[in-house]
Amino acid sequence: MAVCTVYTAQSLNSSCSISTPSKSHLGFHQKQVIFFTKRSTNKSRNTTNHVITCSASDAEKTVVIGLAADSGCGKSTFMRRLTSVFGGAAEPPKGGNPDSNTLISDMTTVICLDDYHSLDRTGRKEKGVTALDPRANDFDLMYEQVKAIKDGVAVDKPIYNHVSGLLDPPEVIKPPKILVIEGLHPMYDERVRDLLDFSIYLDISNEVKFAWKIQRDMAERGHSLESIKASIEARKPDFDAYIDPQKQYADAVIEVLPTQLIPDDNEGKVLRVRLIMKEGVKNFNPVYLFDEGSTISWIPCGRKLTCSYPGIKFTYGPDTYFGNEVSVLEMDGQFDRLDELIYVESHLSNLSSKFYGEVTQQMLKHADFPGSNNGTGFFQTIVGLKIRDLYEQIVASRAGAPVTAAKA
Ligand SMILES: Nc1ncnc2c1ncn2[C@@H]1O[C@H](COP(=O)(O)OP(=O)(O)OP(=O)(O)O)[C@@H](O)[C@H]1O
Ligand SMILES: O=C(CO)[C@H](O)[C@H](O)COP(=O)(O)O
């Protein structure tokens, strides 16, 4: 049974306990507190201002998903694919800060963990730390607020403003059905990690990251090649120390590497993408190709799939990853015609699609998103379907579960 901590104090019921508040900075949102307090009425009354700890119903608990990656590695693109699987467009909070990093749709709220930077741009410069350094981030607040949301309590979350480099006044985040926490450190702090119902790491190899960053930062942000190189180099030690190790905790990793189909390729346009899926994760059954647990190599090009040079190759099989048993589905190469993807989709199982061809339909719908012609978009879409399935399984199991006794 979940426990939430509420900062106010006019009413208590028998499933609540009371203590003196020690952390009044945690930013629980007052309106939600009042709402919550009303719901948890009213067997006895208490008039002093203390922390009230109440039991929230498991059925109402928000499902929390973590998405980790370095900056510029496709998190936003992945989020757009994910929210589309749930059927709604994601938008910034209405009438709020125009520089908010939050995206809200009917089912999901995506918060960016950059909002938990404890040092603004100037502060980091003065202290000589990067944003990747844990000392530039407030993990206590991140933990308390993600936990509160998971327990059904709205919070006043800070905003890191990427335009000004400053910390802006907070915005209210109400508990959604699904909360996605995306950013540099969703799996860094053990307490936050333990709140996640599912975690994903986007592992973009240095060569590919460099190509994407150049494409975006030169074309869209007017940065010079030298400054992009310098920024990647400056971040690398902290990336290796604090961001990259999180992949060992991920339930699914999307690894993006240069192709092996073109000898000595240095263009970085054709990609080899691996979907690494942990075995034994609750509510998550890895996708497989042809025969679960076998080792398969498949070149689908021919009569049913148009492939220009260098073609497409799929592999699938069991493996180990940081000591964990995993299944790995790999795609090297790119699609010429997205509508023919149905041929590949029909040979995959455990996709958690709701109808035949749903993956292909999603890919066609977002054909203009980066990565739609290769394994990045394909596997992001599949992970989106798996998250929807995980959510539905959690909700179904809660609905069928006996009501647990309240914990004081
Ligand atoms: N699958 C992909 N294939 C090719 N390019 C991609 C892919 N995903 C992302 N990119 C490139 O990387 C850029 C950054 O993508 P996106 O905005 O999704 O990343 P991000 O992790 O959210 O970045 P940031 O954290 O800096 O906001 C895109 O503009 C695009 O140029
Ligand atoms: O790694 C990052 C995550 O997005 C950013 O660099 C970090 O948030 C700092 O932002 P800015 O460069 O806008 O000050």
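Only a predicted model underlies this, so the values are computations on that prediction, with no experimental measurement involved.

Student: Would you explain the nonpolar core in this entry?
Tutor: A general trend in soluble globular proteins is that nonpolar side chains are found buried together. Counting residues in each nonpolar core, the largest one holds 56 residues, and the members touching the most others are Leu-329 and Phe-378. Among the elements that make up this core, the one with the highest residue count is helix α10 (residues 375-400) (9 residues). Once you skip the residues sitting within four places of it in the chain, Phe-378 turns out to touch Phe-314, Met-331, Phe-335, Leu-341, Val-344, Leu-348, Val-359, Met-363 and Gly-371. With 33 residues, the next largest nonpolar core counts Ile-173, Phe-239, Ile-276 and Val-326 among its residues.

Student: Explain the site of ligand 1 to me, please; I cannot follow it from the model alone.
Tutor: Ser-71, Gly-72, Ser-76, Thr-77 and Thr-376 are the nearest of the 14 residues found near ligand 1. Cys-73 has a polar backbone atom sitting 3.1 Å from an oxygen atom of ligand 1. Note that an oxygen atom of ligand 1 is positioned 3.0 Å from one of the backbone N or O atoms of Gly-74. Protein chains shield 83% of the accessible area of ligand 1, which is 630 Å² for the free molecule. Secondary structure elements with two or more residues in the shell around ligand 1: α2 (75-85) and α6 (206-219). Grouping the amino acids of the shell around ligand 1 by side-chain chemistry returns 3 nonpolar, 8 polar and 3 charged.

Student: How should the sheet that holds strand β12 (residues 198-204) be read in this particular structure?
Tutor: Backbone hydrogen bonds hold the strands of a sheet together, and the pairing may be parallel or antiparallel. Spatial strand order, β7-β8-β11-β6-β12-β13-β14-β18-β17-β16: 10 strands in an open sheet with mixed pairing. Pairing within the sheet leaves two strands with one partner each, and these edge strands are β7 (103-104) and β16 (296-298). Of the pairings in the sheet, the one linking strand β13 (residues 252-258) to strand β14 (residues 271-278) comprises 7 bridges and is antiparallel in character. Residue pairing across strands places Pro-258 opposite Leu-271, the latter belonging to β14.

Student: So what exactly am I meant to see when it comes to the UniProt feature "domain: Phosphoribulokinase/uridine kinase" (unreviewed entry) in the protein here?
Tutor: Here, the residues flagged by UniProt with the feature "domain: Phosphoribulokinase/uridine kinase" (unreviewed entry) are residues 64-262. A distance of 40 Å separates the end C-alpha atoms of residues 64-262, which is 34% helix and 24% strand.

What counts and what doesn't
- Residues numbered from 1 in each chain as written.
- Chains lettered and ligands numbered in written order.
- Predicted model: local features only at pLDDT ≥ 70, side-chain atom pairs only at ≥ 80, totals over all residues.
- Heavy atoms only, no water.
- Core = buried A, V, L, I, M, F, W, Y, C linked by side-chain atoms within 4.5 Å.
- Buried < 20%, exposed > 50% of the residue type's maximum accessible area, 1.4 Å probe, protein only.
- Helix = DSSP H or I, 4+ residues; strand = E, 2+ residues; numbered from the N terminus.
- Contact = heavy atoms within 4.5 Å.
- Near = heavy atom within 4 Å.
- Polar contact = N/O pair within 3.5 Å; in protein donor to acceptor, adjacent residues only side chain to side chain.
- Areas by Shrake-Rupley, 256 points an atom, 1.4 Å probe, with all protein chains shown as cover.
- Nonpolar A, V, L, I, M, F, W, Y, C, P; charged D, E, K, R; others polar.
- Pairing = 2+ DSSP bridges.
- UniProt positions renumbered as here; feature names shortened; annotations may be inferred.

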